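For reference, the chains in residue letters:
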Amino acid sequence: MTAYPPRVPEAGSDQHRVWNWAHNRVLSERPEPYRPRTEVELQGLLRHDDRPVRVVGSRLSNGDLLAGGSGLLVSLDALSGLVCLDQDTATFGAGTRLQQVFDTLTEHQRMLQASPGVIAEQSLAGALATGTHGQGLGQSTLSDEVVSLRLVDAAGRVREVRRGDPDFGAHLVGLGALGVITRVTLRTVAHRVFTCHKDAVAADTIGRDLPRWNAEWEFSKAWWFLDDDRVHVWNAAQASPAEVAAWRHNGRELLSGSVGDEQLNATVDATLARMRADTVRGADGERRQFRTVTRFRDFATVTGDVYQVFCRGIAVPQINTEIGVPLADAPEILADFGDWYRRERPHLHYPVILRSTGGSQAWLSPAHGRETLFFGFVVYYADDGSLNPEGLDFLRAAERRLAAAGGRPHWGKYFDSGLYDFAAIYPRWEDFHRVRRELDPAGRFVNDWLGGLLDDHRRVA
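To start, this report covers the structure provided alongside it.

Here is what the cut-offs are and how they apply
- Residues numbered from 1 in each chain as written.
- Predicted model: local features only at pLDDT ≥ 70, side-chain atom pairs only at ≥ 80, totals over all residues.
- Heavy atoms only, no water.
- Buried < 20%, exposed > 50% of the residue type's maximum accessible area, 1.4 Å probe, protein only.
- Helix = DSSP H or I, 4+ residues; strand = E, 2+ residues; numbered from the N terminus.
- Pairing = 2+ DSSP bridges.
- Core = buried A, V, L, I, M, F, W, Y, C linked by side-chain atoms within 4.5 Å.
- Contact = heavy atoms within 4.5 Å.
- Axes fitted to C-alpha atoms, helices over the stretch in contact; angles between N-to-C directions.
- Salt bridge = Lys/Arg side-chain N within 4 Å of Asp/Glu carboxyl O.
- Expected span 1.5 Å × (residues − 1).
- Phe/Tyr/Trp six-rings, centres within 6.5 Å; stacked < 30°, edge-to-face > 60°.
- Lys NZ or Arg CZ within 6 Å of the ring centre and 35° of its normal.
- Left-handed = near helix turned anticlockwise from the far one by under 90°.
- Arc of directions from axis to C-beta.
- Parallel < 35°, antiparallel > 145°, perpendicular 65-115°, else oblique.

1. Considering the pairing of strand β8 (residues 146–152)
Alright, step 1. The buried fraction of β8 is high, at five of seven residues.
Alright, step 2. Where β8 and strand β10 (residues 180–187) come together, six bridges link them in antiparallel fashion. Across the sheet, Val 146 pairs through a bridge with Leu 186, a residue of β10.
Alright, step 3. Counting the residues in the hairpin turn of β8 and strand β9 (residues 158–162) gives five residues, including Gly 156, whose phi is positive at 85°.

2. Observations regarding the nonpolar core
Alright, step 1. Judged by nonpolar contacts, the single largest core of 124 residues is most densely connected at Trp 224, Phe 337, Val 352, Leu 354, Phe 375, Phe 394 and Trp 411.
Alright, step 2. Among the elements that line this core, the one with the most residues is helix α12 (residues 389–404), at seven residues.
Alright, step 3. In contact with Trp 224, other than residues within four places in its own chain, are Ala 203, Ile 206, Asp 229, Arg 230, Val 231, Leu 334, Phe 337, Gly 338, Pro 351, Val 352 and Leu 354.
Alright, step 4. Counting residues in each nonpolar core, the second largest holds six residues, with Val 18, Leu 27, Val 56 and Leu 66 among its members.

3. Let's talk about the sheet that holds β10
Strands pair in a sheet through their backbones, by hydrogen bonds, and they do so in one of two ways: parallel or antiparallel.
Alright, step 1. Sheet architecture is open: five strands sit in the order β5-β6-β10-β8-β9, paired in antiparallel fashion. This sheet does not close on itself; its edge strands, each paired only once, are β5 (82–85) and β9. Strand-to-strand twist of the sheet, defined as the mean angle between neighbouring strand axes without regard to direction, takes the value 15°.
Alright, step 2. Relative to strand β6 (residues 89–93), β5 is paired through three bridges, and the arrangement is antiparallel. Residue pairing across strands places Leu 85 opposite Ala 90, the latter belonging to β6.
Alright, step 3. Helix-sheet contacts for helix α1 (residues 39–48) involve β8, β9 and β10, and the interaxial angle to β8 is about 50°.
Alright, step 4. Where helix α3 (residues 98–107) meets the sheet, its contacts fall on β5, β6 and β10, and the angle it forms with β6 comes to roughly 145°.

4. Quick look at the pattern of salt bridges
Alright, step 1. Per the stated rule, a full pass over the model turns up 29 salt bridges.
Alright, step 2. The closest approach of N and O atoms between Arg 355 and Glu 322, which form a salt bridge, is 3.0 Å. Here Arg 355 is found in strand β18 (residues 352–357), whereas its partner Glu 322 is found in strand β17 (residues 318–326), with 33 residues between them in sequence. Comparing Arg 355 with Glu 322, the two get one shared label, buried.
Alright, step 3. Among the ionic pairs, Arg 428 bridges to Asp 431, the shortest N-O distance being 2.4 Å.

5. A look at the pairing of β6
Alright, step 1. Burial analysis of β6 places five of its five residues in the buried class, the great majority of the element.
Alright, step 2. Here β6 shows no split at all, with Thr 89, Thr 91 and Gly 93 on one side and Ala 90 and Phe 92 on the other all buried.
Alright, step 3. Linking two consecutive strands that pair antiparallel, namely β5 and β6, is a turn of three residues.
Alright, step 4. In this sheet, β10 lies alongside β6 in antiparallel orientation, the contact comprising five bridges. Bridge pairing in β10 links Ala 90 to Leu 186.

6. Comments concerning helix α8 (residues 265–279)
Alright, step 1. Between the first and last C-alpha of α8 there are 21 Å, a value that for 15 residues agrees with the 21 Å anticipated at 1.5 Å per step.
Alright, step 2. If you follow the buried residues of α8, they end up packed against β13 (219–225), β14 (230–238), α9 (288–294) and β19 (372–380).

7. Digging into the packing of aromatic side chains
Alright, step 1. A complete count under the given rule lists 27 aromatic pairs for this structure.
Alright, step 2. Every member of this aromatic cluster is reached through a ring pair, and the members are Phe 194, Phe 219, Trp 223, Phe 225, Trp 234, Phe 296 and Phe 310.
Alright, step 3. Here the guanidinium or amino end of Arg 30 rests over the ring plane of Tyr 34, the centre of that ring lying 4.0 Å away.
Alright, step 4. The ring centre of Tyr 426 lies 5.0 Å from the NZ or CZ of Arg 408, which sits over that ring.

8. Brief notes about the packing of helix α11 (residues 330–344) against α12
Alright, step 1. At their nearest, the axes of α11 and α12 sit 11 Å apart, and the two run at 145° to each other. At the point where α11 passes α12, the crossing takes the right-handed sense. Residue-level inspection shows Ile 333, Asp 336, Phe 337, Trp 340, Tyr 341 and Arg 343 of α11 in contact with α12, the latter providing Phe 394, Ala 397, Ala 398, Arg 401 and Leu 402.

9. A few points about the environment of Val 161
Alright, step 1. Assignment of secondary structure puts Val 161 in strand β9.
Alright, step 2. Sequence-distant contacts of Val 161, defined by excluding residues within four places in its chain, comprise Val 147, Ser 148, Leu 149, Leu 151, Phe 168 and His 171.

10. Remarks on α3
Alright, step 1. Here α3 has its buried residues at Leu 98, Val 101, Phe 102, Thr 104 and Leu 105. For α3, the arc enclosing every buried residue in end-on projection is 165°, short of the 170-degree limit, so these residues lie on one face.
Alright, step 2. Following α3 by one or two positions, Gln 109 has its phi on the positive side, about 60°.

11. Considerations on the packing of helix α6 (residues 206–216) against α11
Alright, step 1. For the pair α6 and α11, the least separation of the axes is 8 Å and the interaxial angle reads 140°. Considered as vectors, α6 and α11 are oriented oblique to each other. Between α6 and α11 the crossing geometry is right-handed. Between α6, through Ile 206, Gly 207, Leu 210 and Pro 211, and α11, the contact on the second element is made entirely by Ala 330, Pro 331 and Leu 334.

So, in structure tokens, the structure goes:
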């Protein structure tokens, strides 16, 4: 059974240990991680200290993945910023926050082909290592936009890996297990503006609608409100010249339609009532988690660049689970999931998030080799650090169903590793281990949790 740890609200004032972002796991007993100022300094650290190493960025991943134990916890915050830019690529330090990447590219009238994830506080290296993705079948994970990357291996040697190299796919989602990434070169395309059309529809045809939306629109994202059997969908395509002109006239800020659609308001209010009951232990003030749903009230079509439209996440401590299943099987999986929910009526804390991507070249991406539908689930922490037990029961049951349907879990989020035969669901699993053994024969870049997962007894020899 997956362990969902309680949060320690007062951990933010703990000056003696390093916590993950959600304050539900101690990552190190040191007061601060090591912060090498240069790649050379990082090389020296790895050469002269043979302890295990874990790298942290924004610390948004589950604490098990990040925990350093008695080893070295390393932050790449100093290795950040734009290194160089040309007509088709941009190179950034690995510790650069995604928001800085997006802002820099926009300033130079460039963008990534990949749609962003919702949280821009992530570090670039961390987003790559865990398979961060957005939505749209014409793209896949952020990692699939990598042209080359530099890393320091376990012996302190600098290596450069380029697209076309035989083992390139191992490095695209490396889980921090292959070395410390220091620099990343990303391919870019010309900046574009999009109009996102929003709607609320009945969910009885979602098995047909979702694949159709993804085939017809460049970017599509949906939220499934199971209790009301309604779907809120965002479908985006390149804006017309008139829409682009209106966006520019608005100071290049996100432009919202003047008339809001009220048809989802009752569903939003019912969802907010459930979330308040699950999370509020004191006076009912404004909570950030409520804003993630409140924004669906009086929804309207919007025009903006891809980051303004889709990079809209509100970072709130939570348990977040995401499972990718084959998009080709989506009609059957969605129908089965809906039938199960209507039959069992488990407690739904937050609507199910549905995003689809094209296949990924990354060997350990949940989207590797196939168009993928990602099911996302969220349970927010209550004010006292507790979690609604019925909401967690729903997460466990939902994950079991999707794992049985060929699902692969998002590495940076919470999942029950016992549900997955990783060697069976990842065709390049053993190839990844071969690369790991070559770069890190002593296993310096895996902690106890990750080492146990990667070296699971079910893995073929």
